[in-house]
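Survey of secondary and tertiary structure
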Amino acid sequence: MIVSPNKMSLPLSKSTLVGTALRLSIGALSVGMGASAYAQTQLIPQQPTANQPVTGEPLTEAPVSPGIESTPISSGGIQVDSLGGLDLDSIGTLSPGQGGLGYDMWRQSSLQDIFALIEQMPVSYHSAVGNDLAKRLLLSSAGRPLDDKPLQSEQSLLSLRLVKLAELGVYTQLDNLFQRIPTRSDSEQQARYRSDSLLMTGKNGDACQVIQGMSATGKDSYWIRGMVYCHFLQKQVDQALLGLDLLRETGDATDPLFEELALAASGANIKLSGKSAGRVEPIHWALAALSEAQLPDELDDFLDPGVRSALIQAEEYPLDRRVYAAEVAVRSGALSPNALVDLYSRYAFEPAELDGVVGGQISHEGPELRALFLQAAQLQTVPAARAEIVKAALDQAETDGMGILMSRAVADLVAEIPHSADLTWFALPAGRILYLAGQYERANAWLLLARQYMLSEETAAANLTALWPYARLSGMEGGERYGTLKGWASAQSGLGPEVLNQQLVMLRSCMQALGEDTRLSWGELASMEIASPGLAPSAALLYALKDAQNGGRLAEVVLLSLIILGEQGPGNTHSLALGSVVEALYSVGLQNEARSLAIEATVLSGI
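The text that follows walks through the structure, step by step, so that each part is easy to find. Treat the numbers as computed from the prediction; the structure is a model and nothing was measured.

Looking at the overall build of the protein
Helices and strands together make up the secondary structure of the protein, namely 30 helices and two strands. The proportion of buried residues among the 607 residues of the protein is 54%. The long-range share in the protein, meaning contacts at least 24 apart out of those at least 6 apart in sequence, stands at 68%. When the accessible surface of the protein is split by element, carbon and sulfur atoms take 51% of a total near 26000 Å².

Some points on the packing of helix H22 (residues 440-452) against helix H23 (residues 458-474)
It is at 8 Å that the axes of H22 and H23 come closest, and there the two elements cross at 145°. In this structure, H22 meets H23 at a crossing whose hand is left-handed. When H22 is examined against H23, the residues Tyr 440, Asn 444, Trp 446, Leu 447, Ala 450 and Arg 451 are found in contact with a partner set consisting of Ala 460, Asn 463, Leu 464, Leu 467, Trp 468, Ala 471 and Ser 474. Of the residues assigned to the contact of H22 with H23, the class counts are nine nonpolar, three polar and one charged.

As for the packing of aromatic side chains
The final tally for this structure, using the stated rule, is seven aromatic pairs. Both rings, one in Trp 285 and one in Tyr 317, keep their centres 5.5 Å apart while their planes meet at 20°; by these two values the pair is stacked. Of the two residues, Trp 285 sits in helix H12 (residues 282-290) while Tyr 317 sits in the loop between helix H13 (305-313) and helix H14 (319-331), which places them 32 residues apart along the sequence. One aromatic cluster is present, formed by Trp 425, Phe 426 and Trp 446 through successive ring pairs.

Section: a negative patch on the surface
A cluster of acidic residues, Asp 297, Glu 298, Asp 320, Glu 365, Glu 368 and Asp 400, forms a negative patch on the protein surface. Relative to the helices and strands, Glu 368 is located in helix H17 (residues 366-379).

Brief notes about the state of the cysteines
In the structure shown here, the tally under the stated rule is one disulfide. Between the sulfur atoms of Cys 208 and its disulfide partner Cys 230 the distance amounts to 2.0 Å. Here the S-S torsion is close to -100°, and the disulfide linking Cys 208 with Cys 230 is therefore left-handed. Placement of the pair is Cys 208 in helix H8 (residues 204-215) and Cys 230 in helix H9 (residues 222-233), with a sequence separation of 22 residues. Of the residues examined, Cys 230 reaches a relative accessible area of 0% and is grouped as buried.

Focus: the layout of surface pockets
Estimates place the volume of the second largest pocket at around 600 Å³. Around the second largest pocket sit 32 residues that line it, and Ala 128, Pro 337, Arg 408, Leu 436 and Ala 437 are the ones nearest its centre. Taken together, the elements giving at least two residues each to the lining of the second largest pocket come down to helix H4 (128-139), helix H15 (337-344), helix H19 (403-409), helix H20 (411-415), helix H21 (427-436) and helix H30 (591-604). If one sorts the elements of the lining of the second largest pocket by residue count, H4 sits on top with six residues.

Things to note about unusual backbone geometry
Notably, Gln 108 is not glycine yet its phi reads approximately 70°, a positive angle. Mapped onto the elements, Gln 108 comes out in the loop between strand S2 (78-80) and helix H3 (111-120). Despite not being glycine, Lys 235 has its phi angle at roughly 60°, a positive value. Summarising the element assignment, Lys 235 is placed in the loop between H9 and helix H10 (237-249).

Focus on the pattern of salt bridges
For the structure shown, the criterion picks out 26 salt bridges. Among the salt bridges present, the one from Arg 346 reaches Glu 315, with a minimum N-O distance of 2.8 Å. Of this pair, Arg 346 sits in the loop between H15 and helix H16 (351-355) while Glu 315 sits in the loop between H13 and H14, placing them 31 residues apart in sequence. Its relative accessible area of 37% is what places Arg 346 among the partly exposed residues. For Glu 315, a relative accessible area of 51% gives the class exposed. Taken together, the shared-partner salt bridges in this structure form one network comprising Glu 315, Arg 322, Asp 342 and Arg 346.

As for the nonpolar core
Of all hydrophobic cores here, the largest spans 179 residues; its most connected members are Trp 106, Leu 295 and Tyr 435. At ten residues, helix H28 (residues 554-565) tops the list of elements feeding residues into this core. Once you skip the residues sitting within four places of it in the chain, Tyr 435 turns out to touch Tyr 440, Ala 443, Asn 444, Leu 447, Leu 467, Tyr 470, Ala 471, Ser 474, Met 476 and Ile 599.

Things to note about helix H29 (residues 575-587)
Taking 1.5 Å per residue as the helical rise, H29 with its 13 residues ought to reach 18 Å, and the 18 Å between its terminal C-alpha atoms agrees with that figure. Of all the positions in H29, only Ser 575, Ala 577, Leu 578, Gly 579, Val 581, Val 582, Ala 584 and Leu 585 are classed as buried. On the buried face of H29, the contacting elements are H4, helix H25 (497-513), helix H27 (539-550), H28 and H30. After H29 finishes, the residue Gly 589 shows a positive phi value of roughly 100°.

Some points on the environment of Ser 185
The topology assignment puts Ser 185 in the loop between helix H6 (171-178) and helix H7 (188-200). Residue classification places Ser 185 among the partly exposed residues on the basis of a relative accessible area of 27%. Ser 185 sits 97 residues away from Leu 88 along the chain, and the two C-alpha atoms are 8.8 Å apart. Those residues in contact with Ser 185 that lie beyond four places of it in its chain are Leu 88 and Gln 190.

So, H13
Since the α-helix advances by 3.6 residues per turn, residues separated by three or four positions end up pointing in the same direction. Listed as buried for H13 are Gly 306, Val 307, Arg 308, Ala 310, Leu 311 and Ile 312. Buried residues along H13 sit in contact with H6, H7, H12, H14 and H15. Of the residues that open H13, the one with a side-chain oxygen 2.7 Å from the backbone nitrogen of Gly 306 is Asp 304.

Parameters at a glance
- Residues numbered from 1 in each chain as written.
- Predicted model: local features only at pLDDT ≥ 70, side-chain atom pairs only at ≥ 80, totals over all residues.
- Heavy atoms only, no water.
- Helix = DSSP H or I, 4+ residues; strand = E, 2+ residues; numbered from the N terminus.
- Buried < 20%, exposed > 50% of the residue type's maximum accessible area, 1.4 Å probe, protein only.
- Contact = heavy atoms within 4.5 Å.
- Areas by Shrake-Rupley, 256 points an atom, 1.4 Å probe, with all protein chains shown as cover.
- Axes fitted to C-alpha atoms, helices over the stretch in contact; angles between N-to-C directions.
- Left-handed = near helix turned anticlockwise from the far one by under 90°.
- Nonpolar A, V, L, I, M, F, W, Y, C, P; charged D, E, K, R; others polar.
- Phe/Tyr/Trp six-rings, centres within 6.5 Å; stacked < 30°, edge-to-face > 60°.
- Patch = residues over 30% accessible without salt bridge, like charges linked within 9 Å, V, L, I, M, F, W, Y side chains within 5 Å.
- Salt bridge = Lys/Arg side-chain N within 4 Å of Asp/Glu carboxyl O.
- Lys, Arg positive; Asp, Glu negative; His and termini not counted.
- Charge placed at Lys NZ, Arg CZ, Asp CG, Glu CD.
- Disulfide = S-S within 2.5 Å.
- 1 Å grid on protein atoms, 1.4 Å probe; cavity = no way out; pocket = protein on both sides within 12 Å on 5 of 7 lines; lining within 4 Å.
- Points joined across faces, edges and corners; volume = space filled by probe spheres on them.
- Core = buried A, V, L, I, M, F, W, Y, C linked by side-chain atoms within 4.5 Å.
- Expected span 1.5 Å × (residues − 1).
- Polar contact = N/O pair within 3.5 Å; in protein donor to acceptor, adjacent residues only side chain to side chain.

Written as structure tokens, this is what we have:
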């Protein structure tokens, strides 16, 4: 135990210890911060800013702003006066022109039903489409659902949206949303997420003002840890150590990572053990940055998604750890591949290694090998040579189970390769990558190239057949002329009957959902005694989805779709459920998202 001169030796109750710690912390911290009304009435005045690394800058006094009573709030076209009954549930950061789902997205939906569905909503998706829809749903400015069954007094739609955004780890967007929400409306949980979003966007002084404002009344030990951090930020080491010592005495669950980081921040020479009480959270990340200590790599699989995003951007961390984090995020669809491409470009290779990437002796593996392929393709200006490198990279990635990751990483490079007669052999990988990336026109050009040479080039005919499902799912005009589902199936000689039948059902289901005629009846498929992958879908969820679809209840359709897809995403969803989701999204106006989801599922299925 760390002994402080101010520590009492008398036995104290847990509540007394917590209160003592907080009173001492608040008093000491107030000296450095000055008086502030921030935690009582202030609307955060800053405009949305880009994500910044957490640093240990001194606290600054919060700027004085007009009282909330005279501050109108504008959000997504909603203009309300704070004394005129601010509808907090309607606040968002996305209007329809910015990707929002529209002010009427909750139209005719029940408030209580929506609240229950958001509670069930997953917070991780192996799907770029799923991640995008989840964020847009939670950030959209929209009127409240029907208040037919009022929520319990402590519940609100806004607070639940904030919870889900925090669990998704999108702290920059969360901070932007908090800037539209008066701090006096914060519950304890909401204030914690406000603090986390400020820490993760580099606004450490503002975060400590929130922490100070809540620490006298908050019941969660988070506020004690927050005060410890803020004392270190103000270089009040004795007070920080006192808070740490009293935190141990409360009997709360131990947090070895926080304790070790606090000791490091105090100047102690300590090696971090890699032990953790659970997920690595924003308070850990902020304290690690302040103590100039790096989180142990043993914790890389236990990072809060927002902490993972920060680590990807952190120049002080080793490249291999940043790449690992970026690959995890890109594979799940949570991160744009551009960030990963940038990190791949930072590996250093000898010219001979880059020149011999195809057909040469390669001594690298894993992320380094993927980076080697990418750099070699970037350097190659001859289209045929670049295509050859990309094809080799994809083949290797498929062997490593990283096919979809590599497809996303090389999409921009493939888009630069012109479709020409000498590259008919490359039509399949090029088209498949571009369909996945949503670049349908460029992808269609490769399909048409294969069709042009199908009579003279054996590979061209095979590539046309293989690309045909993607063209139909993308909505290519006249795509039905280039093949049939039966023709596609007959060309899949390398697949076992069970896998082929599963893929046929998935394609048939998605094409029907998108209004594409397949000329293959369900009766014909049923006669094959097909076993469809994935768990059998919930009948209640599917009926609810159909009901929401028929009623045009857009946000309800999105929520039910996300729940049905689940954390495993479209690659592991039962064909019946997948087809229902695609059809529902398409019917409520999300046609691009429906097609992208169907194509994503097709790639994940191995087609």
